[in-house]
Amino acid sequence: GPVRGQGLVDLEGSTQAPGQTRGSWDVAVDIENGGLNAGLALEQIRGEIRLVGQFGPQGVLSRGELLVDSLLCRGIQFASIRGPISFANQQIVLGNAWAPQQLRAGQVRPLTAQVFQGTLVADAVIALGDDIGFRTEALLTDADLALLAREALARRQDIVGKASAAIRLEGNTR
């Protein structure tokens, strides 16, 4: 789908010093019906990501905010996805519970979303490279159990109620 960007991008470098290229950005990217597949397919992405960052000989650093209205993951709709995102060299962080400077400052702010008419609160770290590693902690509260059973389970269930769950996942792609 269409992707629109707005903001500032600054690049500087020279053919005389090819390893010294530097850049910075302050952009907002709007996505309408987009898709992303990084091992897990995200489809029908609608919303915005705001990023401020820089790159140079020391690597890449970018911080921003997810303001995603909706996306589908394995047929399950996640809505109102909000929270911090950061990229540093070979790592992506969603939420900021593992950022020591936020912990010290008391500014921990997880990623939040609405799913199954409940609230999902999560933090995740993804280490990129040949062997992709991940760590995530998530808490789901007040989800509609009938909706969850209808959309997430292989067979239909006649069930009513609320669902809450906490999970911690850690692993890699090997």
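Residues numbered from 1 in each chain as written. Predicted model: local features only at pLDDT ≥ 70, side-chain atom pairs only at ≥ 80, totals over all residues. Heavy atoms only, no water.

Engineer: Outline helix α2 (residues 145–152), supporting the account with residue identities and numerical values.
Structural biologist: Within α2 the residues assigned to the buried category are A146, L147, L148 and A149. Elements in contact with the buried residues of α2: β9 (133–144) and β10 (162–172). Its side-chain oxygen at 2.9 Å from the backbone nitrogen of A146, D144 defines the N-terminal cap of α2. (Buried < 20%, exposed > 50% of the residue type's maximum accessible area, 1.4 Å probe, protein only. Helix = DSSP H or I, 4+ residues; strand = E, 2+ residues; numbered from the N terminus. Contact = heavy atoms within 4.5 Å. Polar contact = N/O pair within 3.5 Å; in protein donor to acceptor, adjacent residues only side chain to side chain.)

Engineer: If you had to explain the packing of aromatic side chains to someone new, which residues and values would you point to?
Structural biologist: Overall, the coordinates contain one aromatic pair when judged by the stated rule. The interplanar angle of 25° and the centroid separation of 6.3 Å between the aromatic rings of W25 and F55 together place this pair among those described as stacked. Taken together, the residues W25 in strand β2 (residues 17–37) and F55 in strand β3 (residues 41–56) connect sequence positions 30 residues apart. Since its relative accessible area comes to 19%, W25 is described here as buried. On the accessibility criterion, F55 (27% relative accessible area) is partly exposed. (Phe/Tyr/Trp six-rings, centres within 6.5 Å; stacked < 30°, edge-to-face > 60°.)

Engineer: If you had to explain the pairing of strand β7 (residues 111–115) to someone new, which residues and values would you point to?
Structural biologist: The two faces of β7 differ: L111, A113 and V115 on one face are buried, but T112 and Q114 on the other face are not. Bridge count between strand β5 (residues 76–88) and β7: two bridges; the pairing is antiparallel. Opposite A79, over in β7, you have Q114 as the bridge partner. Both β7 and strand β8 (residues 118–127) contribute to a ladder of five bridges, which runs antiparallel. Following the sheet pairing, T112 is matched in β8 by V121. Where β7 folds back on β8, the antiparallel hairpin that results is connected by two residues, among which F116 adopts a positive phi of roughly 50°. (Pairing = 2+ DSSP bridges.)

Without other data, these values stay purely geometric and don't point to any function.
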